[in-house]
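# Architecture and fold: a report
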Amino acid sequence: MPLENDLDKILIIGSGPTLVGSVAEMDLLATDAINALVEEDIHVVLVNPNPATISTDKRPGVTVYLEPMSLDFLKRIIRMEEPDAIMTAYGSTTALKVAHELSQDGILQQMGIKLLTLNKRTLMMDDQQKRAAFLKNIGIDVNQYWQLSEDIDENLIKKLKENVSFPVLVTKHQQYLHNLHLNFNNFDDLITYFKKESQSETFSWRHYSLTEDLSSWEEVIVNIIRDSAGNVAFVNFSDSIEPVAINSGDSVTVMPSLTLNNDQVQQLRAIAKKIADNLKVVGILSIHFAINHHGTQIDTKVLAINSRITRSAVWSQRAGLYSVGYIVSKVAIGYHLNEITDPMSGLNAAIEPVQDKIAVKMPYWSLSESGSNHYSLGKRMQASGEALGIGQNFETAFLKGLDSMTNTRLALFIFKSELKKSKEEIKKDLIHPDEMHMIKLLAAIAKGFTFQELHPIIYLHPIYFQKFQHIIKIGKKLCTEDKISDNLLLEAKKRGFSNKLISYLRNTDISNVDKRLNKSNLTPSYLQVDGSAGMYRPKVNVFYSAYGSQDEFTPLKAKKKVLIIGMLPLQVSVTSEFDYMISHAIKTLHKNNYAIILLSNNGESVAARYKDVDRMYFDPITAENIIKIARKENIKDVLLQFSGKKINALGQTLIDNGLHILGRPDVNPKDNIKRLLRFPIRGLKQNPSLTTTDKNMAIKFIKAHGFPILIGGISKEVKQKSAVIYDMPAFEKYLTENQLDKISVSHFIEGNKYEITAISDGKEVTIPGIIEHLEQSGSHASDSIAVFRPQNLSKRGQKRLTECSTKLIKKVKMRGIFTLHFLSVGKSLYLLQIKPYAGHNVAFLSQSLGKDITACATEVLIGKNLKDLDYDKGLWPTNNFIHVKMPVFSYIDYNSGNTFDSKMKSSGSVMGRDTQLAKALYKGYEASDLHIPSYGTIFISVRDEDKKRVTQLAHRFDRLGFKIVATEGTANMFAEAGITTGIVTKVHNNPHNLLEKIRQHKIVMVINVTNLSDVASEDAIRIRDQALNTHIPVFSSIETAELILDVLESLSLTTQPI
Amino acid sequence: MKRYLILEDGSSFPGEGIGATIISTGELVIQTSNFGYQEALTDPTNAGKILVFTTPMIGSTGINAIDYESIDPTVKGIIANDVAWNISDSETFQDLDSFLKEKNIPAIFNVDTRALVHRLMEENTIKASIMDTNDEHAFDQIKALVLPKNKSAMVSTKNAYAAPNVGKTVAVLDLGLKHSMLRELSLRKINVTVLPYDASVRDIENLRPDGIIISNGPGKADEVETNLAPIFDHFYSKQPIWGIGLGFLALSNYLNFELVTLPEEFNGTNYPVIEQNSNQIWQVAMNIDQLVLPDSVQLQMDQEYFDLHSELLAGFSNNKEKVIATAFNAEGAPGSLDAQVIFDDFVKMME
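Keep in mind that what you see is a predicted model, and the values were worked out from it rather than measured. (Residues numbered from 1 in each chain as written. Chains lettered and ligands numbered in written order. Predicted model: local features only at pLDDT ≥ 70, side-chain atom pairs only at ≥ 80, totals over all residues.)

## Observations concerning the overall build of chain A
Scanning chain A from N- to C-terminus turns up 36 helices and 42 strands. The C-alpha atoms of chain A give a radius of gyration of 29 Å, which matches the 31 Å a tight globule of 1058 residues would have. Seen through its principal axes, chain A has C-alpha atoms that stretch 80 × 75 × 70 Å. By residue count, 52% of the 1058 residues in chain A fall in the buried class. Look at the contacts in chain A between residues 6 or more apart in sequence, and 69% of them connect residues 24 or more apart. (Helix = DSSP H or I, 4+ residues; strand = E, 2+ residues; numbered from the N terminus. Rg over C-alpha atoms; globule rule 2.2 N^0.38 Å. Buried ≥ 20, exposed ≤ 12 C-beta atoms within 10 Å, placed from the backbone. Contact = placed C-beta atoms within 7 Å.)

Next comes the structure, spelled out in structure tokens:
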């Protein structure tokens, strides 16, 4: 049947910012969906406040709202745009949540708006009880579930004994906190637990639910697309190496599934189809199964049903070359599967992909590379990103995945130290898996653990045990054999051992491995990624490396070719901003007749959209792969500038191997920059700093300059997280916790921080914009709020910054894009940083200006001059709007040795846009899911200097009807000014008091501006973390609080007795 | 042990041998399904062939008691990219290696199967051998070999046998049938008698069947034509007839439908077909090298199943003429169970 013809305008709810654990980057698939709709002449309205997205780029047929995805804002947009339908599959859980609110609100019925890819039934699937009832109703097994309630009396013990089968999982539901999960293996333990729990004051049976414990079962993910005729296509069967106990987002998953036979796959298919049919889905379902093998049979239980595009759908798009994003939206508007041609494969969409390769998804945990931050893996997903390793065999896919995720040296270090432990100790480590558990598992196998020993601890499928054994066997041979034979070398390369790994195992330099490979004439073959096992040639050119296979490579024919290095796995500080820039650079290079070759294996990356590049290599981003591809393609030019700091650091190695980095002369710009920072140009002040290995020197420095001090340094070649310290005990503490080999100290100055984005052709400099940072509570630039245009900067100040930046950049003598950080204190201006690559805020700045900054920078990088491109010297003109970029925080639950380390990390960003700063800021908070309340209790803690200003602030809140609590000193101060204030004890005196109040939403906003001492800074971090984690806004500067007050006051009518 | 797959043009593909250590020759054929290697390698339709699995690994789920499509596999050899060894200590599984040894089937893994796929895309039939050396002598042996004709005779049962049940009686002509097909009939209480491929009209008539199934099997339609023509002449439009796979080809041939040779042989499980009237799509398993040109069909069909790869006709049914023909295996095995309703359709036709 052709498409439903009553759809002229469709609103797509985007996914918003990246959040660790709940939202994957859906930009790639949303972009495909937009294409699928626009080519049908359907007008698309997209709502997504995340500025670093390609789907939000301006284009004909698409109206973009960079507005919060909250009910209020969406209703306004819906009334303005009057769409015929709303599509939710591309917005992750955020879209489902707001769609739920919209359908309850009644606006959809009132305006006759359809929901696409979602219906009333699928909306219920997030509710465990409703899902269980639905599944039971259609005769599908679910895990047993018991919700306890108040009316359970003495009979409880009897009831539990009769009904509950062990092992059982007890979930304690905690309001505003993540649920607590506990396993019980027998009845007595369970009763003992409840007896103990019931002693608590707040105890209520309603807080507990019991589920059949499936922790040791295998997890299998199935993706199914269903059209309006009821036809389905299964696009993915993947299994997790780890059991259900570890969230599939934190698990290593394998596609296609290696643990299921045909009967079992058909069994799952039948269940999935039954679910899809009964839900009447027109769109996509991702179903998670728990599976228990016994003999040739399997027991299955449905763990989750998601009616949206998920990570696993992205894998089929990447490795199976099945255009999930495109096809789901075609199906949603009424096409049948057989009427759709997949633009990537050229095949009918009803044809399910088949694989002749293995794809392994490896999770990435932010900041784990330092080796000192540890995650404890469990029910809740903590990985921030992922990479896909694609290989002809499992070993290769697995090692490629690992190569993309961990630093080989660190992994080997962990492996060796684990191997030294006793079997008992290793067992203990395996029982408590952390981010290195795969490495520890390999060590256990190397230690000689048998399958029978391992299985009861980690529930590993025998096939994976066997495969890991094989990896260890090859590794041992590489370690022990005197001379490395051709056969062994081929075997190692064929099974995915990187040159780096081989060099470490052979204890030799990597260049020797390279030479050895050349001697044996061993070069990789490149095989094309397809979804038909080599039967049909796809329409896109994507390759992965393999050894000992027939090469399918022919060099890309083009006059000008450039190799672009894609984005690393999404992580704290490497967010989609880089992806956004790479994507724009690709567009610009295409316009300039360059053929683009991209190296990336980040499945989520939108820049790595297969259709947008001329050729892609789906392999780990390592120097080895870059050099091999460049040699094979005969490419000299490599673009790094938009790929972030870590990738820019590869520059020198690439130059040493004969490659040319676009924009960069072959001398290292670092030296010029170092000199500029040490001896700034006239008119700039230098912030005293010191890097030393001698603690006494650091102390001397501190004595000379006084607190506060910004401290950081390097431990085992890894940069440690820096912190601001205010007294000597804090200094000592920082040193003990970080074990620094090199200490860096600088005087911490407070002032207005400005970030300048500049582009230079080596002679002239043009400056797209100056961004002002608000709310900088520490040292981390991406944690602060960025404002464009600057609000505290005079015309003269702008001129001064522009001139200084221009002068400085001219001295670096390099083409391309730069990021400079300045600090303005009174009349003094300090230079903090010069980065010869693009920073985090280019996407935000581009969206604010409505101009493509990346395009300009790219043109310059390939040799054009600013003058010829019509870019003037100096600052770009701005429009009337004020734009605010809000960091969006995720709770990163790792164990760090560093008490100065906040667990709330910005994992993404959203923007607020309005004609007034206050309004833009308000929108920013709303978009970042920090709802600004209009009533409630505010906690205020300030330093003495700000007394007066804060008292005024408190007055204003008071007038709006807010209640105020503060610590004793501040409370007294307010009381004197006649404001009724409650007193709370300081966190370090009684941690439960204040934090508990925040946790329970008894406090709705926090204003915390303190002069930090050792204890106070710890307190401040804990308060901030708790508040952000419970979605309560925190202000660490009075200015922001005042701005928000402006909005609140304009929103409310003052209520005051006369 | 290092072993070689040698193609008739002399090119050789090295790999590691497992299973039987014999030398073996056959026609190369690809199986693209990611699941169901046990079913595929015991499927008599693959008789006499060297089966190349494109799935990245086989053996990871062992060999179990219920997934045999024939007890003694008739494939000449197995080629795979990767193989799993002792997958479990469970007694319910046999591991692939020992199974192959027991059934005297040689196999090579660590072979560049993708390169073989590319070769088969270029040439339609390739003879190949599994050998211990890759010298001239080996090469001569392949050249000397003539691929067997009439493979149905090879794999068909020699004697008729009964699979009694209490429902309708069906005569199954065994051109190389699969156990799963019999199992589906048994689930529907069909009283089955399996007859050899060369059974006569009389043999069938003696059973007084309510319906006749011409099974799938190896070989070509013209090889079974002589045997089947009198049976069709006698029973067509009188008794329900269902032709499967080779049976589909034979029946189409008999009805003068034009058979089109596919650019590449279908041997896998991701072949969707669409039923024109209902718009229902089934994901089906096919093991066939020809389908029917739709324009050549003069008969008005009740149901027509079109293959979505080639847009050719892969199945049809006509209630008046009491005939069903499917190029695909309605029982899956390996493959989805979508098309199982055909069994019900056939039962209905007999009522």
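## Examining the domain arrangement of chain B
For interface size, the figure often reported is the accessible area lost on association. All names here are of chain B. Looking at chain B, the domain boundaries give domain 1 (2-148) and domain 2 (152-350). Distance between the C-alpha centres of domain 1 and domain 2: 27 Å. On the domain 2 side, the residues contacting the 21 residues of domain 1 number 20 residues. Those elements that provide at least two residues to the side of domain 1 that touches domain 2 are strand 3 (24-31) and helix 1 (37-42). Here the side of domain 1 that touches domain 2 takes 3 residues from strand 3, the largest share from any one element. (Domains from an automatic or database assignment.)

## A few points about the interface of chain A and chain B
Listed as interface residues are 40 residues of chain A and, on the opposing side, 47 residues of chain B. Those elements that place two or more of their residues in the side of chain A that touches chain B are helix 9 (262-279) and helix 17 (462-480) of chain A. If you tally residues by element for the side of chain A that touches chain B, the top one is helix 9 of chain A, at 6 residues. Looking at the side of chain A that touches chain B, its residues break down into 17 nonpolar, 18 polar and 5 charged. (Nonpolar A, V, L, I, M, F, W, Y, C, P; charged D, E, K, R; others polar.)

## Some points on the packing of helix 21 (residues 576-591) of chain A against helix 30 (residues 853-861) of chain A
All names here are of chain A. Helix 30 packs onto helix 21 with a crossing angle of 55° between their chain directions and a minimal axis gap of 8 Å. Classified by the interaxial angle, the pair formed by helix 21 and helix 30 is oblique. Here the hand of the crossing between helix 21 and helix 30 comes out right-handed. For the pair formed by helix 21 and helix 30, the contact residues are Met581, His584, Ala585, Thr588 and Leu589 on the first element and Thr854, Ala855, Thr858 and Glu859 on the second. The residue inventory of the contact of helix 21 with helix 30, partitioned by class, reads 4 nonpolar, 4 polar and 1 charged. (Axes fitted to C-alpha atoms, helices over the stretch in contact; angles between N-to-C directions. Parallel < 35°, antiparallel > 145°, perpendicular 65-115°, else oblique. Left-handed = near helix turned anticlockwise from the far one by under 90°.)

## Some points on unusual backbone geometry
The peptide bond linking Met255(A) to Pro256(A) adopts the cis configuration, its omega dihedral lying at -5°. Turning to its location among the elements, Pro256(A) is positioned in the loop between strand 12 (253-255) and helix 9. A cis geometry characterises the amide bond from Ala333(B) onward to Pro334(B), with omega recorded as 0°. Its location among the elements puts Pro334(B) in the loop between strand 18 (328-329) and helix 10 (341-350). One non-glycine residue, Asn150(B), adopts positive backbone phi at about 45°. Here Asn150(B) shows up in the loop between helix 4 (136-144) and helix 5 (151-155). Phi at Arg208(B) takes a positive value of approximately 45°, unusual for a residue other than glycine. In this structure Arg208(B) comes out as exposed when scored by C-beta crowding, with 9 C-beta atoms within 10 Å.

## Looking at the sheet that holds strand 3 of chain B
Residue and element names in this part refer to chain B. The 7 strands are arranged 1-2-6-5-4-3-7 in a closed barrel whose pairing can be described as mixed. Each adjacent strand pair in this sheet contributes to an overall mean axis angle of 35°, direction not counted. As paired elements, strand 3 and strand 7 (residues 127-131) share 4 bridges and run antiparallel to each other. In the sheet register, glycine 26 faces strand 7, and the bridge partner there is alanine 128. Packed on one face of the sheet, helix 3 (residues 113-122) meets strand 2 (12-19), strand 3, strand 4 (49-53) and strand 5 (77-79) and runs near 90° to strand 3. (Pairing = 2+ DSSP bridges.)

## Some words on the environment of Thr406(A)
The topology assignment puts Thr406(A) in the loop between helix 12 (394-405) and helix 13 (408-420). The sequence separation of Thr406(A) and Gly371(A) amounts to 35 residues, and the corresponding C-alpha distance is 9.9 Å.

## Digging into the sheet that holds strand 15 (residues 358-364) of chain A
Residue and element names in this part refer to chain A. Taken together, 7 strands build an open sheet; the order of strands is 14-13-10-11-12-15-17 and the sheet is antiparallel. Only two strands of the sheet have a single partner each, and these edge strands are strand 14 (297-306) and strand 17 (385-391). Averaged over all neighbouring strand pairs, the angle between strand axes comes to 25°, with direction disregarded. Alignment of strand 10 (residues 218-226) against strand 13 (residues 283-294), held across 9 bridges, turns out to be antiparallel. The residue of strand 13 that forms the bridge with arginine 226 is glycine 283. Sitting on the sheet, helix 11 (residues 324-332) touches strand 10, strand 11 (232-243) and strand 13, and the angle it makes with strand 13 is about 115°.

## Brief notes about the pairing of strand 16 (residues 313-318) of chain B
Residue and element names in this part refer to chain B. Here strand 16 lies mainly inside the structure; 5 of its 6 residues are buried. Pairing of strand 15 (residues 303-307) with strand 16 involves 4 bridges; the strand directions are antiparallel. The residue bridging glutamine 303 from the neighbouring strand is serine 317, located in strand 16. Counted along the chain from strand 16 to the antiparallel partner strand 17 (residues 323-326), the turn is 4 residues long, and its residue lysine 322 has a positive phi close to 55°.

## Things to note about helix 10 of chain B
Residues and elements named next belong to chain B. Residues Ile342, Phe343, Phe346 and Met349 constitute the buried set of helix 10. Along the axis of helix 10, the buried residues cluster in a sector spanning 120°; they form a single face. Seen from the open side of helix 10, the exposed residues pointing more than 90 degrees away from its buried face are Asp344 and Lys348. At its buried positions, helix 10 is contacted by helix 6 (179-187), strand 11 (211-214), strand 12 (241-244) and strand 17. (Arc of directions from axis to C-beta.)

## Remarks on the confidence of the model for chain B
Per-residue confidence for chain B gives a mean pLDDT of 92, with 98% of residues at or over 70. Scored as a complex, the prediction yields pTM 0.92 and ipTM 0.95. (pLDDT = per-residue confidence, 0-100.)

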